[in-house]
Amino acid sequence: TDTGYHLVIRPNGDAGELTSKLVLTKDDPIGDVAFGVDNTFAGRATSEDVFAPYDVALPAGADAYALTGDGADTLAPIDTGDVCVNVDTDWFTAHDQVPPKTLDDLTKPAYQDLFVTEGASTSSPGFAFLLATIAAKGDGWQDYWSDLMANGTKVVNGWEEAYRIDFTAASKHGTRPIVVSYDSSPAFTINAKAGTTSTQALLDTCFRQVEYAGVLAGAKNEPGAEAVIEFLLSPEVQAALPENMYVFPVRDGVKLPTDWARFAKQPTDTLDVPAADIDANRKQWLTDWTDITSK
């Protein structure tokens, strides 16, 4: 329906860049509504009072992804996707090897020099994978990363390099059949003739990312900002998310594309870290991670 609002879109980088810009401009906001802050940066945004409470009813299902703690009433969940270790199942079959299933498996000699991940300091999925290991290992996460590196783990700048260059399922020249990607990735490695996918997400290794939208504090047009959030949560937009943004809708009852319904399996449990803990520890975690991976 025509709302009567004229929407001007201003791209501002990834979740980290967007959050930094919103914090720096919070006394003179650069717009009325922002979409793209995720749960790895939500703690910083809410602690800096970037967003104002919104008056939009969440659709059924969205509550499961709502932010908790301070600022919970200022960010509406819009979409979700899980960062998971993915394996090239065809490669393992061709090499008569059993693929890994867990985080612990990645440190075993059988998988030496087979794993590539994005850098935690340079990549959103890379940071999400670091958080997954922190959630799984607690105070032992540094030892785990030391074991990963000793087993030949390769660290690259971003997803494009890891997946499209190093991952065997996506590149003829790839040498690594294990990669950090998404739970939706197997829906994009389909053999149409056979009706199968050549990759699998390891659902015991996943960190859930949730993207939010919120009304900026000091917005000149709060009703317009809330109308944008309602639009993003509408059945039409939620149904378009998988094929246009490669993420899952938060709204219940949205029909997924056929390939997603068959091959993009979501985990029942994820490895999660509260947004406030991420905000409080991000700098130290990244410093420690860099020390380990740069040796």
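Further up the page is the structure itself.
Only a predicted model underlies this, so the values are computations on that prediction, with no experimental measurement involved.

1. Quick notes on the side chain of N12
Argument step 1. Mapped onto the elements of the fold, N12 is located in the segment before helix 1 (15-24).
Argument step 2. At 2.7 Å, the side chain of N12 forms a polar contact with the backbone oxygen of R10.
Argument step 3. If near-sequence neighbours (up to four positions away) are discounted, N12 is found in contact with E17, L18, K21 and I30.

2. Some remarks on the layout of surface pockets
Argument step 1. Here the second largest pocket is characterised by a volume of approximately 340 Å³.
Argument step 2. Every element with two or more residues in the lining of the second largest pocket is listed here: strand 10 (207-216) and helix 10 (275-293).
Argument step 3. Of all the elements, strand 10 adds the most residues to the lining of the second largest pocket, at three residues.
Argument step 4. Of the residues contributing to the lining of the second largest pocket, the split by class is ten nonpolar, three polar and two charged.

3. Observations concerning the pairing of strand 6 (residues 178-182)
Argument step 1. Counting buried positions over the five residues of strand 6 gives four, a clear majority of the element.
Argument step 2. Strand direction decides the pairing type here: strand 3 (residues 76-88) and strand 6, joined by five bridges, are antiparallel. Bridge pairing links N86 to V179 in strand 6.
Argument step 3. With two bridges joining them, strand 4 (residues 115-118) and strand 6 adopt parallel strand pairing. When the bridges of strand 6 are listed, V116 appears paired with V179.

4. Some words on the state of the cysteines
Argument step 1. Applying the stated criterion across every chain yields a total of one disulfide.
Argument step 2. Disulfide pairing is shown between C84 and C206; the S-S distance is 2.0 Å. Note on the C84 and C206 pair: the S-S dihedral is about 115°, so by sign convention the disulfide is right-handed. Placement of the pair is C84 in strand 3 and C206 in the loop between strand 9 (199-201) and strand 10, with a sequence separation of 122 residues.

5. Details of the pattern of salt bridges
Argument step 1. For the structure on display, the rule yields six salt bridges.
Argument step 2. Close ionic contact of D166 with K154 constitutes a salt bridge, the shortest N to O distance being 2.9 Å. Taken together, the positions of D166 in helix 6 (residues 159-166) and K154 in strand 5 (residues 154-156) put the pair twelve residues apart, joining distant regions of the chain.
Argument step 3. Classification of D166 as buried rests on a relative accessible area of 6%.

The rules behind each value
Residues numbered from 1 in each chain as written. Predicted model: local features only at pLDDT ≥ 70, side-chain atom pairs only at ≥ 80, totals over all residues. Heavy atoms only, no water. Helix = DSSP H or I, 4+ residues; strand = E, 2+ residues; numbered from the N terminus. Polar contact = N/O pair within 3.5 Å; in protein donor to acceptor, adjacent residues only side chain to side chain. Contact = heavy atoms within 4.5 Å. 1 Å grid on protein atoms, 1.4 Å probe; cavity = no way out; pocket = protein on both sides within 12 Å on 5 of 7 lines; lining within 4 Å. Points joined across faces, edges and corners; volume = space filled by probe spheres on them. Nonpolar A, V, L, I, M, F, W, Y, C, P; charged D, E, K, R; others polar. Buried < 20%, exposed > 50% of the residue type's maximum accessible area, 1.4 Å probe, protein only. Pairing = 2+ DSSP bridges. Disulfide = S-S within 2.5 Å. Salt bridge = Lys/Arg side-chain N within 4 Å of Asp/Glu carboxyl O.

So yeah, pure geometry; function would need other evidence.
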